[in-house]
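# Tertiary structure, described
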Amino acid sequence: MPDEASRNQLPKTYDFKDVEQRWYNEWLENDLFKATMDPGKPNFSMVIPPPNVTGVLHIGHALNNTLQDILVRYKRMDGYNTLWVPGTDHAGIATQNVVERQLAQEGLTRHQLGREKFIERVWEWKAKSGGRIIEQLKRLGCSCDWSRERFTMDAGLSKAVREVFVRLYEEGLIYRGDYIINWCPRCHTALADIEVEHEQAEGSIWYIRYPLADPDDKKFVTVATTRPETMLGDTAVAVHPDDPRYRDLIGKYLILPLLNRRIPIIADEHVDPEFGTGAVKVTPAHDFNDFEISRRHDLPSIDIFDKNAVLNENAGPYKGLDRYEARRRILEDLKTQGLLEKEEPHVLAAGECYRCRTVVEPRLSKQWFVRIAPLAKPALEAVKNRDTVLVPPSWERTYEEWMTNIRDWCVSRQIWWGHRIPAWTCAHCGELIVARTTPRACPKCGSTELSQETDVLDTWFSSALWPFSTLGWPEDTPELRFFYPTSVLITSFDILFFWVARMMMMGLHFMHDVPFRYVYLHALVRDAKGQKMSKSKGNVIDPLTIMEKYGTDAVRFTLAAFAAQGRDIKLAEERIEGYRHFVNKIWNAARLVLMYAPALDDFMEITREKRPQTVAERWILSRLNQVVATVRQALDEFNFDMAARELYQFFWHEFCDWYLELAKPELNSEEPERVKMAAAVALTVLSKSLRLLHPFMPFVTEELWHHLPGTSGHIMVAPFPKPFKDWEDKEAEETIANLMKVIGGIRNVRAELGIHPGARIDLVAVPHSEAAQRLLASQGQAVRTLARVGRIDLLTPEDRRPHGAATVILEDMELLIPLEGLVDLGEELRKIEREERKILKELDKVKKKLANKNFLQKAPPEIVQKEEEKFRKFTAKLEKIGGRREVLRHLA
RNA sequence: GGGCGGAUAGCUCAGUUGGGAGAGCACCGGCCUUACAAGCCGGGGGUCACAGGUUCAAGCCCUGUUCCGCCUACCA
């Protein structure tokens, strides 16, 4: 804690460098992030979307975790038991790839190392570099309960995975079977449908002739295909049963070119006679549709690829060729034999592995699947009846669409890093055993020769359990009872299906309740031009670099201010620079307020008992009140951008630009009571603003908090401001609004006439109402200070106006600035005529409305009243402008 | 093919029950005014994509069109 002298003396600019580290450590040392389980308080809990252990903090993480931290800090200050569970994901394929690349540098493959040694290597790597992203989250200021950090491969979480797998198997919701799946020839594993990405691209479609085995009037059937190389695995050609072109051929045989295999012509409803030639080659082992057809017609499957998508012995002369080389050769050979009819351009969307971008190969193999329909149904219902609310709600339809058309989930992966599937096969009798613990002997035949399934589970299988596995499930822990379901999940929309949907399914199935009450889906961070950031494009904004450069608070505030619902964030470095200026503004406002802190002695903040005196004081407190309400509501509704903008606008343009300027005369007054009151109001607004800002900018607010008089403890656990009804003051707001018009008008005249900002000018004011008189009487000091006015003379509307004066005309007031010689009366006349025309136009619109009977009848009375008020104001202003115009015409 | 979102100032975007078009940045002009030049003061700039409709009243609601994104899909 700073001593009294340093408390009130701040350096001129804010240096975030040492501050950030210092306060983060202090929060940690004081256990301020730790969850409490006080039964007397409401709960707020979140689980972090676990970043990959391999990961490095990118701008998407920065956004995601900033938003979570804002919410959890807000709730913590607002008196909730808060729990934010952090952790990382083992990211099977990605992590395995990283370690394999390392091995490759040593000239090794994982196969040379063997499974156990390889896994050891991965753990070693994880111990050494796996914590990097966690450290980076700390730099971002995240207030996670680090004592509860979890990893998806931890013993506890692994136990949960086994429990879930076994239970689902016992319930018949997991099965093993030979099906066609997406195979990545580079990662050497099966992928789930959702892990395959489709990008449209220009390609070709080839028309190939398959000769009839017994030619009659027809010699061949032409098929169209985008993948000629798969013809080696063809076991039939299908046509639509009603297609007149082919009806007679059904049941006959074709000779598959190149391999000379006899294959039948079959009839299947699936074939679209309109497309291509209406005849489809059927390759059951390498195409999803063809696989379905083959099952309907009991056709054989011929796998022509090995795990690298290189042609195998079933490909005859093409054995050993890579699939693309094979395609070239096959097309060449067909051409030579006169069987290639034509090639046409064709748009297609080949599937790519989401981890490595290799084109995937549909492949028939033995895999494990989760039967999804029974799990998806309740997950769909939960969103429909709003047990879980998606924000923004536009995602509901997308979610529904996906949940309705979802297919069974392939969960087995042919890699080594992950949760090994708890299934064993008996070498003796072939029995399949699925068990929580390693079985010693086959329950059927008693043999001890059991071999465990070598596949591991999809990483998303374990992350689907995250909201309850991290809280201790399958044990019945106090945390689980206290914090499940979690309050909110904040994540990026692109993992809605990968992760959110699966957590919904698993949560409902195993916990009998949704995993979270709200899901807030934020957008992607793109570059300034709206392009996705990528290393290859070189347009990446690295959060660590910019945090280093502008400070963490500026980065966080920028991300929050741009986090509008349902829209991508286009981020440019200039934005962050702009918000760094805001951080500095806060710093300097605090410096000013603290200069007057000694005057406060015991008085401190404004409370119920201490009533503000001046109109400005009443005004700023009234505005503060509204801001408190707005910020709270915005955060409650996940409108982070609105909350941030409101705070920015209020603090800078109302508190700094107007209140502090208006307060300066008070602060420098000879009367101690006035100084005290002004300082107390300033301190109150500052203190509450800092608390409102703390969730967004934890560091600078904490630093300043400790310099404020009368504070204790840390701002991160100080109460979040609540609105205070007594401070509402519409009258003060109106007065200050009018004062701003007066000062603004005079400043405008000064600027237009090129009067030096330091020079004092005199003012002649003509009030046309009592309110105007009161304003001039009570706010003369403010006008003199903020508009650099010397004398203020008052005239009545009947008095003669001074010659050669610039004019400002308000609704109930004329302001004249006598500047003989400086004012070009001709220009002044033109200006006033311009203004007159503008008001006439406005007045015309109002008149039309008021003349409209329908408007008077149907519009709500308060709107009609408003229009009448406008009519009155415009007329009054016009009258004064007209008078002034006449005067100027005579003079000019 | 199906679905979703966007089009508002030069740029990036707010505008939540329909009721006088806003902010930040950029730009122009003037200021080192004792908190802040990372600042202060002033200023210009918009047929709210287009066409209809509902309404006393539309940036906002409805219909259609154009353009731009994204997601999804087994026309080979």
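Just so it is clear, the model here is predicted, and its values are computed rather than measured. (Residues numbered from 1 in each chain as written. Chains lettered and ligands numbered in written order. Predicted model: local features only at pLDDT ≥ 70, side-chain atom pairs only at ≥ 80, totals over all residues. Heavy atoms only, no water.)

Before going further, it helps to spend a moment on the overall build of chain A. Along the backbone of chain A there are 29 helices and 29 strands. Its C-alpha radius of gyration of 37 Å places chain A more than 25% over the 29 Å reference for a compact globule of 892 residues. Here the C-alpha coordinates of chain A stretch approximately 115 × 65 × 55 Å along the principal axes. The buried share of chain A, taken over its 892 residues, is 54%. Looking at chain A alone, contacts between residues at least 24 apart form 78% of all its contacts between residues at least 6 apart. (Helix = DSSP H or I, 4+ residues; strand = E, 2+ residues; numbered from the N terminus. Rg over C-alpha atoms; globule rule 2.2 N^0.38 Å. Buried < 20%, exposed > 50% of the residue type's maximum accessible area, 1.4 Å probe, protein only. Contact = heavy atoms within 4.5 Å.)

Of all 8 residues that make up helix 23 (residues 698-705), 8 are buried, and the element is covered over most of its length. Turning to helix 23, its buried residues number three or more, namely Pro-698, Phe-699, Val-700, Thr-701, Glu-702, Glu-703, Leu-704 and Trp-705. Against helix 2 (16-29), helix 3 (59-77), helix 7 (132-139), helix 18 (552-561), helix 19 (573-595) and helix 22 (672-693) lie the buried residues of helix 23.

Bringing the protein's contact with RNA strand B into the picture now. Around RNA strand B sit 55 residues in total, of which Asn-289, Met-642, Arg-645, Lys-858 and Phe-874 are the nearest. Within 4 Å of the protein, the contacting atoms of RNA strand B are drawn from sugar and phosphate to the extent of 60%. A distance of 3.4 Å separates a base nitrogen of RNA strand B from a polar backbone atom of Ala-589. At a separation of 3.1 Å, a sugar or linking oxygen of RNA strand B approaches a polar side-chain atom of Asn-852. Elements with a contribution of two residues or more to the surface near RNA strand B: strand 8 (220-225), helix 12 (395-405), helix 19, helix 21 (640-667), helix 24 (730-753), helix 28 (853-858) and helix 29 (861-891). (Near = heavy atom within 4 Å. Polar contact = N/O pair within 3.5 Å; in protein donor to acceptor, adjacent residues only side chain to side chain.)

We now examine the packing of helix 17 (residues 543-550) against helix 18. At a minimum axis distance of 6 Å, the contact between helix 17 and helix 18 shows a crossing angle of 120°. Considering their axes alone, helix 17 and helix 18 lie oblique with respect to each other. For the pair helix 17 and helix 18, contact is made by Ile-546, Met-547 and Tyr-550 and by Thr-552, Ala-554 and Val-555, respectively. Here the residues of the contact of helix 17 with helix 18 sort into 5 nonpolar, 1 polar and no charged. (Axes fitted to C-alpha atoms, helices over the stretch in contact; angles between N-to-C directions. Parallel < 35°, antiparallel > 145°, perpendicular 65-115°, else oblique. Nonpolar A, V, L, I, M, F, W, Y, C, P; charged D, E, K, R; others polar.)

Moving on, we get to the packing of helix 19 against helix 21. Where helix 19 meets helix 21, the axes come as close as 11 Å, and the angle between the chain directions of the two elements is 30°. Between helix 19 and helix 21, the angle is such that the two are roughly parallel. Where helix 19 crosses over helix 21, the handedness of that crossing is left-handed. On helix 21, the residues that touch Tyr-579, His-581, Phe-582, Lys-585, Ile-586, Ala-589, Leu-592 and Val-593 of helix 19 are Leu-647, Tyr-648, Phe-651, Trp-652, Phe-655, Cys-656, Leu-660 and Lys-664. When its residues are assigned to classes, the contact of helix 19 with helix 21 shows 13 nonpolar, 1 polar and 2 charged. (Left-handed = near helix turned anticlockwise from the far one by under 90°.)

Let's shift gears to the environment of Trp-727. Mapped onto the fold, Trp-727 is located in the loop between helix 23 and helix 24. Assessed through its relative accessible area of 8%, Trp-727 is described here as buried. In the structure, Trp-727 is positioned 83 residues away from Ala-644 in sequence and 23 Å away in space, judged by C-alpha atoms.

Let's shift gears to the nonpolar core. Phe-461, Phe-655 and Tyr-659 are the most contacted members of the largest nonpolar core, which has 220 residues in total. Per element, the largest residue contribution to this core is 15 residues, and it comes from helix 21. Those residues in contact with Tyr-659, other than ones at most four positions away along the chain, are Ala-616, Glu-617, Trp-619, Ile-620, Glu-654, Ala-678, Val-681 and Ala-682. Ranked by size, the runner-up nonpolar core spans 32 residues in total, among them Leu-254, Ile-265, Ile-304 and Leu-334. (Core = buried A, V, L, I, M, F, W, Y, C linked by side-chain atoms within 4.5 Å.)

Within strand 28 (residues 805-810), 6 of the 6 residues are buried, leaving the element largely enclosed by the surrounding structure. Here strand 28 shows a buried face lined by Ala-805, Thr-807 and Ile-809 and a second buried face lined by Ala-806, Val-808 and Leu-810. Relative to strand 29 (residues 813-818), strand 28 is paired through 6 bridges, and the arrangement is antiparallel. For Val-808, the partnering residue across the bridge sits in strand 29 and is Leu-815. (Pairing = 2+ DSSP bridges.)

That bond from Trp-473 to Pro-474 is cis: its omega, 10°, falls within 30 degrees of zero. Topologically, Pro-474 is positioned in the loop between helix 14 (466-469) and helix 15 (478-483). Along the chain, Tyr-484 connects to Pro-485 via a cis peptide bond; the corresponding omega equals -5°. Along the polypeptide, Pro-485 turns up in the loop between helix 15 and strand 22 (486-492). Even without being glycine, His-188 reaches a positive phi, approximately 55°. Despite not being glycine, Phe-638 has its phi angle at roughly 65°, a positive value. Considering the arrangement of structural elements, one finds Phe-638 in the loop between helix 20 (615-636) and helix 21.

Coordinates in, geometry out; function isn't part of it.
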